[in-house]
Every structure is written in structure tokens, then in C-alpha cells.
Amino acid sequence: MVTRGSSVDPTTTADPPKGAARAAERRGCGVSTERGPGDPRGASGGAAPRAGTAVSPPRRGGWRERVHTTLDLIRANPTGRITLKIFIAIAGAIVVTVGIALIPLPGPGWLLVIAGLGIWAVEFHWARRLLGFTRRHVHNWTRWVTSRSLPVRLVLGAVGLVFVAVVVWLSLKYSLGIDLVARALHYLATH
């Protein structure tokens, strides 16, 4: 207990949280563990920064740095960390759900699912791994397709278009009751 007029023993003063130091190291910042020259807990003799302070972080783009700094500040508070996890979980779930609902339709279904994984990857390690797996496979597929000859790429494109057309036809037929093939055949027969 500290009373009026008494001093605090510097050897019992707590260092910054280890979680913040680990987060700084994950982001590529060096974290000094040496004590400064004025620190009675162990002087290093040099002009080393206080223990736990980040040392010369690498420069990133402006908005990315601000986002990472903001997220680190939110994570530093236990309530903020839990709130951030809940917010990220809900936002990612909404985007993934909308994306899954749009997969059968032409449009950005898969793109929204991947965007939802990207949102989850901000806080959840499993989503980060799954997003990396998806990126690798899409990149490998793209590289494989572009290394093929033009006729093979045309066949692959035609198969993709037929697949999308069948998905659109089945989606419209069974979800909205609109049979495009029957209407097209009827139109050709009457005109």
C-alpha cells in the first residue's frame, strides 16, 4: 500500500503487457527487452529504450498502418478484444451468408464468400489459413489455365459458360418458376 509521501519501489512496477509486445513482434516490429540507463531494475549502459517498447517498425502504406494500429489499440483492452471478436464474427457471417445465397446466381457469390473469409481472417486464425489455402489454389488454377494452349483455354471457357448457364436456368426454374428454355423454344416455334 502506498501512503502519502512514500515512494513506489521501481522493482515492483509492472512492465507493459506481454500480449502487446507479441502483437508488435507479429507485425514485424522489434521489441526491446533491455532496460534503459535510468532504470534501477538493470541498466544496460546504453541509450536503449525501456523494456517492451517497439523499436523502428517497418513503414507500410498509410491506411494499412492506421488499420493495424487501431486494431492493436482495440485488442489491448480486454473488453475491446471481445467486442472486436463479436463484431468481426457477425460481420463475416453476414457477408458469407449473403455470398452463399448468391452462389447459384450469376454474380459475386464466391467473391462475397471470400470477402467474408477475409473479414473473419482479421481475428480468427482458422479463417486466415482457409483464405491462404483458397488463394493458393486459385493462383495455381489460374497459372495452369494460362499455361495451356488457346484451344484448351477456349474449351475451358466454354465449359464454364455452359455450367453458369445451367446453374442460372435451374435457379430460375426452381426458385422463381421461370423456365427460360421452355419460353425460348415457345418463342422460336411461334415466330
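None of these values were measured; they are calculated from a predicted model.

Draft legend 1. Looking closely at the overall build of the chain. Of the regular secondary structure elements, the chain holds seven helices and two strands. Starting at the N terminus and ending at the C terminus, the chain contains elements arranged as α-β-β-α-α-α-α-α-α. Out of the 191 residues belonging to the chain, those deemed buried represent 18%. Looking at the chain as shown, the accessible area adds up to about 14100 Å², and 68% of this sits on carbon and sulfur atoms.

Draft legend 2. View of the packing of aromatic side chains. All told, the structure shown has three aromatic pairs when counted by the stated rule. A centroid spacing of 5.4 Å and a plane angle of 55° characterise the contact between W120 and W126, whose relative ring orientation is tilted. Taken together, the ring pairs connect W120, F124 and W126 into an aromatic cluster.

Draft legend 3. Representation of the nonpolar core in the model. Residues L71, L84, I88, V96, L117, W120, A121, F124, A127 and L131 constitute the largest nonpolar core, which totals 10 residues. Contributing elements (two or more residues each) for this core: α3 (78-102), α4 (109-121) and α5 (125-146). Once residues lying within four places of it in the same chain are set aside, the contact partners of L71 are L84 and V122.

Draft legend 4. Highlighting the packing of α3 against α4. Where α3 meets α4, the closest approach of the two axes is 7 Å, and the angle between their N-to-C directions is 165°. Accordingly, the angle class assigned to the pair α3 and α4 is roughly antiparallel. As α3 runs across α4, the sense of the crossing is left-handed. Along the contact surface, α3 presents I88, A89, A91, G92, A93, V95, V96, V98, G99, I100 and L102, while α4 presents G109, L112, V113, A115, G116, L117, I119 and W120. For the contact of α3 with α4, the class distribution of residues is 15 nonpolar, four polar and no charged.

Draft legend 5. Quick look at the packing of α4 against α5. Between α4 and α5, the least distance of the axes is 7 Å, while the angle of their chain directions is 140°. Accordingly, the angle class assigned to the pair α4 and α5 is oblique. In terms of crossing hand, the pair formed by α4 and α5 is left-handed. Contacts between α4 and α5 involve I114, L117, G118, W120 and A121 from the first element and W126, A127, R128, L130, L131 and T134 from the second. Here the contact of α4 with α5 is built from residues that sort into eight nonpolar, two polar and one charged.

Draft legend 6. Quick look at the side chain of E123. Looking at the secondary structure, you find E123 in the loop between α4 and α5. For E123, a relative accessible area of 11% corresponds to the buried category. Within the structure, the side chain of E123 is placed 2.6 Å from the side chain of R75, a separation counted as a polar contact.

Draft legend 7. Inspection of the environment of R153 at higher detail. You can see R153 is positioned in helix α6 (residues 150-176). For R153, a relative accessible area of 36% puts it in the partly exposed group. Discounting residues that sit within four places of it in the chain, R153 has contacts with V145, T146 and R148. Of the polar contacts made by the side chain of R153, one reaches the backbone oxygen of R148; its length is 3.3 Å.

Draft legend 8. Inspection of the pattern of salt bridges at higher detail. Per the stated rule, a full pass over the model turns up three salt bridges. Between D72 and R75 there is a salt bridge whose closest N-O contact spans 3.5 Å. In this pair, D72 and R75 both sit in helix α2 (residues 62-76), three residues apart, roughly one turn of the helix. In this structure D72 comes out as partly exposed when scored by relative accessible area, which is 25%. With its nearest N and O atoms 3.6 Å apart, the salt bridge here joins E123 to K85. Taken together, the positions of E123 in the loop between α4 and α5 and K85 in helix α3 put the pair 38 residues apart, joining distant regions of the chain. Overall, the relative accessible area of 31% leaves K85 in the partly exposed class. One salt-bridge network, in which partners are shared between bridges, spans D72, R75, K85 and E123.

Rules behind the numbers
- Residues numbered from 1 in each chain as written.
- Predicted model: local features only at pLDDT ≥ 70, side-chain atom pairs only at ≥ 80, totals over all residues.
- Heavy atoms only, no water.
- Helix = DSSP H or I, 4+ residues; strand = E, 2+ residues; numbered from the N terminus.
- Buried < 20%, exposed > 50% of the residue type's maximum accessible area, 1.4 Å probe, protein only.
- Areas by Shrake-Rupley, 256 points an atom, 1.4 Å probe, with all protein chains shown as cover.
- Phe/Tyr/Trp six-rings, centres within 6.5 Å; stacked < 30°, edge-to-face > 60°.
- Core = buried A, V, L, I, M, F, W, Y, C linked by side-chain atoms within 4.5 Å.
- Contact = heavy atoms within 4.5 Å.
- Axes fitted to C-alpha atoms, helices over the stretch in contact; angles between N-to-C directions.
- Parallel < 35°, antiparallel > 145°, perpendicular 65-115°, else oblique.
- Left-handed = near helix turned anticlockwise from the far one by under 90°.
- Nonpolar A, V, L, I, M, F, W, Y, C, P; charged D, E, K, R; others polar.
- Polar contact = N/O pair within 3.5 Å; in protein donor to acceptor, adjacent residues only side chain to side chain.
- Salt bridge = Lys/Arg side-chain N within 4 Å of Asp/Glu carboxyl O.

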